[in-house]
Amino acid sequence: MSGGANVPVDSLPGQPPVGEHGALSCGKDVKFSEEALAEFEKLLTRYPTKQAALLPSLWIAQREFGWISREAVDYVAGLLSLSPAFVWGVVTFYTMYNRAPVGKHLIQFCTSISCHLNGAEEVYHECRKKLGGLKPGETTPDGKFTVIEVECLAQCDKAPAVMVNGDDHAVITKDNLDKFLESLK
Amino acid sequence: MAKVTVDGREVVVPDNGNVLEACRIAGVDVPHFCYHPRLSIVGQCRMCMVEIEGMPKIQASCTVPVRDGMVVSASSEKALAARNATMEFLLINHPLDCPICDQAGECKLQDNAFAAGLPVSRTSEPRRQYPGYDRTGIGPHVIADMTRCIQCTRCIRFCAEIAGTGELTFIERGGHTIVWTHEGKVLDNEWSACTADVCPVGALTTKDFRFRKRVWWLDKARSVCTGCEIGCNISIEHRDRQVFRFLPRPNPDVNDYWMCDYGRFRAEELNAQDFTRPVVKDGGSTKETNWGDALERIQKAVDEAIKAKGAASILVIGSANLSTEENYLLNSLFRTRLGVPNVEFVVDNGALRRIKNPKAEGNQEGWLKGLESAPNSRGAVAAGVTRALSDSALEKLSSGKFTPAVLYVADAAFAKKASDPAFVQAARKAGFVAVHARTKNALTEVADVVLPVASLSGKEGTFVNSQRRIQAFSIAIVPPPVVRTDMEVLLHLGKRWGVFDTRWTAGDVFELLKKEIPLYADAERESRAVAGYPAVISPASAYDSIFSPEEAEAKLIAAAAEGRNG
């Protein structure tokens, strides 16, 4: 008996392979840069407990290292005096922490209702075709682009909307897709 | 104190209590999984739903603090419907493989489903699967099977709050949630098997006991762990003259609900019994003999030694592994009756054992600590046996400065020293060596007489732990024929000098202790303070009440009277 409805049928973008729930190793020790460390210290002053600063600390880690590796979990846990298991539990709870490496530009196409009505899916497929036939969540061989589909980006007035890493890009249609990709290079 | 009415019955509950406890005190057992009196309250399982007057929605009773004048309906139609719904949701993804699950018989899900669940399942979909996370070792002592997990978080909270190690966590979310360690780490702390105790289902089970014996076959006996001086209360679980496991026996004053892995996995050592008949040396060869012959040889050697060289030429070694009763008999026979000045014992300092219990007397920063690797050094001292110091006869023997005419060792494994070659060599020089022994060691090899004695599971008596609490342990398994308990051996030996009556029981000796030892003066053998609480039916549903184990005990007795759980 296997293959219940809850077993994921395919790898999700930025996620480790199916059935793999442990943190992947990046193979080296990681450490915040000095600026990141200063930002982290400032963060701590804004929260009553160290534990409360976990989510923003992980954001910094994701920005610094690109994704959350086992070493990053251990490092952040050490900074906040939490158990690594607890930190990993938090990382796996939220979908926007990358648990596997992604490209330099993580292109996130919104396909929720407003963007969908404005043809977001077509743009999404077109974009993947243009980047060499990428599968959802796959990264281009040069490590530059990863394309995924996400839920509403709260840019319904500028549909179809795209988010690249943390930046919003409004009204990306088939017509201006080339220009948009060019602007990323 | 708050007055709470549960299903029409008014009960008085301490102010810091919650509704679940109030229901329990009122005699209404609200089913629950995630609630445990020593762990933080999370309201995770949604099983303990009750209706409370003045609150529009049904409430998880463990999360609601009691208030004076509260009126609770624990068995109303609405509450029962909510609990049945929760149970149905839990069973959607539970494999229902009780026949091949080792938790069956002590599983809260099984018990609660049996008591209140629907008789048939309305789902036919395949159960949730976790390839790679089922029937897998999660640590050296624990096997995890995530298909059975009901996400109550007791194990996670145990590791975070009691052990303080935080190895376990929820990974993923929603329907994919599993309880696991961080990649590359294992569930390995001093008390890791307690996670299997608190697990209400078969998701975590102990590697040692798994599939060894169906739990309903096991008989239970109240006992005390001999691993260190803390003296955790345990129940010895046995069947067909074989010990299968130890479980912690909850005692809020000592070990609370816990015990360490070291103590727990010493259980099956008790099954070893190398000596089943007295063994004596005749000339160069050894032969088995009967008790009369063995004891007569000892009596003759002792009498001759006293006549020829005086009582000071005899060395008697007691033990911190023996009960106070046994040490007392040893001391009153040799020191009081025969005038032997050297009745001594020695105890090893082992690895530090710890039990978290901030409420216990004598805790250090919340921990009870045990350094001595024997349970009863305080009892031995109270019984009059001297702790061996550097100028004692025992130390002089080891350094070769004293060669006793008779060496009487009441416990062949009294300390590490007993198998130290230098000590054994020195002991071999003694005119006559008699030892009580269960298993072979270097000392039994050189003994002139080996008296076969029973293990802890065959004895009864009392130990005095590091808090100076007197703790009684009882017989689990009647020793094999011919094998005697240490106490019986000493009684029979004492009778030869006309001091003891062989019909004495541990209770009779306890009465003597009360007269002669100040520490025991006010102790009552059957009292709660000495005997502790009863052996538990299921570690997961052990009377997990913060207020009154007595209440829970009354329920256990009532249940036994009704023939349930029996």
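Rules used in this analysis
Residues numbered from 1 in each chain as written. Chains lettered and ligands numbered in written order. Predicted model: local features only at pLDDT ≥ 70, side-chain atom pairs only at ≥ 80, totals over all residues. Helix = DSSP H or I, 4+ residues; strand = E, 2+ residues; numbered from the N terminus. Buried ≥ 20, exposed ≤ 12 C-beta atoms within 10 Å, placed from the backbone. Contact = placed C-beta atoms within 7 Å. Pairing = 2+ DSSP bridges. Nonpolar A, V, L, I, M, F, W, Y, C, P; charged D, E, K, R; others polar. pLDDT = per-residue confidence, 0-100. Core = buried A, V, L, I, M, F, W, Y, C linked by C-beta atoms within 7 Å. Axes fitted to C-alpha atoms, helices over the stretch in contact; angles between N-to-C directions. Parallel < 35°, antiparallel > 145°, perpendicular 65-115°, else oblique. Left-handed = near helix turned anticlockwise from the far one by under 90°. Right-handed = clockwise from strand over helix to strand, strands pointing away.

1. What to know about the overall build of chain A
In terms of regular secondary structure, chain A is built from 7 helices and 4 strands. Ordered by position from the N terminus, the helices and strands of chain A form the series α-α-α-α-β-α-α-β-β-β-α. Counting every position in chain A, which comprises 185 residues, the buried fraction comes to 30%. Considering only contacts within chain A whose residues lie at least 6 apart along the sequence, 62% involve residues at least 24 apart.

2. Examining the pairing of strand 9 (residues 178-181) of chain B
Residue and element names in this part refer to chain B. Neither face of strand 9 is open: one carries Ile178 and Trp180, the other Val179 and Thr181, and all of them are buried. Relative to strand 9, strand 8 (residues 168-171) runs antiparallel, the two being bridged by 4 bridges. Looking at strand 9, one finds that Phe170 is bridged to Val179. Counting the residues that bridge the hairpin from strand 8 to strand 9 gives 6 residues, and of these Glu172 lies at a positive phi of roughly 65°.

3. Points about unusual backbone geometry
Pro160(A) follows Ala159(A) through a cis peptide bond whose omega is -10°. For Pro160(A), the location among the structural elements is in the loop between strand 2 (145-150) and strand 3 (162-164). The backbone of Val171(A) sits at a positive phi, close to 45°, despite the residue not being glycine. As for its position among the elements, Val171(A) is in the loop between strand 4 (167-169) and helix 7 (177-184). In this model, Arg241(B) sits at a positive phi of 60°, which is unusual for a non-glycine residue. Position of Arg241(B) among the secondary structure elements: in the loop between strand 12 (233-239) and strand 13 (242-248).

4. Structural notes on the sheet that holds strand 10 (residues 204-206) of chain B
Residues and elements named next belong to chain B. In spatial order, the strands read 6-7-10; together these 3 strands make up an open sheet with antiparallel pairing. Unpaired on one side and paired on the other, strand 6 (136-137) and strand 10 mark the two borders of the sheet. Summarising the sheet, strand 6 and strand 7 (residues 142-144) pair through 2 bridges and their orientation is antiparallel. By the bridge assignment for strand 7, Thr136 is matched with Ala144.

5. Notes on the interface of chain A and chain B
Taken together, the contact between chain A and chain B spans 21 residues of the former and 24 residues of the latter. Of all the secondary-structure elements, those providing two or more residues to the side of chain A that touches chain B are helix 3 (70-80) and helix 4 (84-93) of chain A. In terms of residues, the side of chain A that touches chain B owes the most to one element, helix 4 of chain A, which gives 7 residues. Residues belonging to the side of chain A that touches chain B are distributed by class as follows: 10 nonpolar, 10 polar and 1 charged.

6. Side note on the confidence of the model for chain A
Mean pLDDT over chain A works out to 88, with 90% of the residues at or above the 70 mark. When the criterion is pLDDT under 50, residues 1-11 of chain A qualifies, and its contacts beyond four places in sequence or with other chains add up to 18 contacts.

7. Let's talk about the nonpolar core
Counting residues in hydrophobic clusters, the biggest one holds 192 residues, and the most contacted among them are Ala22(B), Cys23(B), Val50(B), Val72(B), Val406(B) and Val435(B). The element that contributes the greatest number of residues to this core is helix 4 (residues 154-163) of chain B, accounting for 7 residues. Of all hydrophobic cores here, the second largest spans 18 residues; its members include Val102(A), Leu106(A), Cys115(A) and Ile172(A).

8. Looking at the confidence of the model for chain B
All names here are of chain B. In the predicted model, chain B carries a mean pLDDT of 90, and 95% of its residues have values of at least 70. For the stretch residues 542-548, pLDDT sits under 50, and the model shows 20 contacts to residues farther than four places along the chain or on other chains. For this predicted complex, the interface score ipTM comes out at 0.87, while the overall pTM is 0.90.

9. Quick notes on the sheet that holds strand 2 (residues 9-13) of chain B
All names here are of chain B. Taken together, the 5 strands give an open sheet; going across it, the order is 2-1-5-3-4, and neighbouring strands pair in mixed fashion. The open sheet has two free edges, formed respectively by strand 2 and strand 4 (59-60), since each of these has just one partner strand. Note that strand 3 (residues 49-52) and strand 5 (residues 70-73) share 2 bridges and pair antiparallel. Along strand 5, the bridge assignment pairs Glu51 with Ser73. Relative to strand 3, helix 2 (residues 77-92) is tilted by about 160°, and along the sheet it contacts strand 3 and strand 5.

10. Focus on the packing of helix 2 of chain B against helix 3 (residues 108-116) of chain B
All names here are of chain B. At a closest axis distance of 11 Å, the pairing of helix 2 and helix 3 adopts a crossing angle of 130°. The orientation of helix 2 with respect to helix 3, classified from their angle, is oblique. Seen along the crossing, helix 2 lies across helix 3 with a hand that is left-handed. Touching Arg83, Asn84, Met87, Leu90 and Leu91 of helix 2 are Leu109, Asn112, Ala113 and Ala116, all from helix 3. Across the contact of helix 2 with helix 3, the residue classes tally to 6 nonpolar, 2 polar and 1 charged.

11. With respect to helix 4 of chain A
Most of helix 4 of chain A is tucked away: 8 of the 10 residues are buried. Of the surrounding elements, those touching the buried residues of helix 4 of chain A are helix 2 (54-65) and helix 3 of chain A together with strand 8 and strand 9 of chain B.

12. Looking at the environment of Val530(B)
All names here are of chain B. Looking at the element boundaries, Val530 is found in helix 15 (residues 528-531). What makes Val530 partly exposed here is the crowd of 16 C-beta atoms within 10 Å. Residues Val530 and Val280, spaced 250 residues apart in sequence, show a C-alpha to C-alpha distance of 39 Å. Those residues in contact with Val530, other than ones at most four positions away along the chain, are Thr462, Ile470, Gln471, Ala472, Ala523, Glu524 and Arg525.

13. Digging into the environment of Ala53(A)
Residue and element names in this part refer to chain A. In this structure, Ala53 sits in the loop between helix 1 (34-44) and helix 2. The class of Ala53 is buried, set by 20 C-beta atoms lying within 10 Å. As for Ala53 and Val73, which are separated by 20 residues in sequence, their C-alpha atoms are 14 Å apart. When residues no more than four places from it in sequence are discounted, the contact partners of Ala53 are Leu43, Leu44, Tyr47 and Leu80.

14. Some words on the pairing of strand 16 (residues 314-317) of chain B
All names here are of chain B. Side chains Ile314 and Val316 project from strand 16 onto one buried face, and the interleaved Leu315 and Ile317 project onto a second face that is buried too. Sheet topology note: the strand 16/strand 21 (residues 406-409) ladder contains 4 bridges and is parallel. Note that in strand 21 the partner of Leu315 across the bridge is Leu407. In this sheet, strand 17 (residues 342-345) lies alongside strand 16 in parallel orientation, the contact comprising 3 bridges. If you follow Ile317 over to strand 17, its bridge partner there is Glu344. In this fold, the crossover linking strand 16 to strand 17 by way of helix 8 (residues 324-337) has right-handed handedness.

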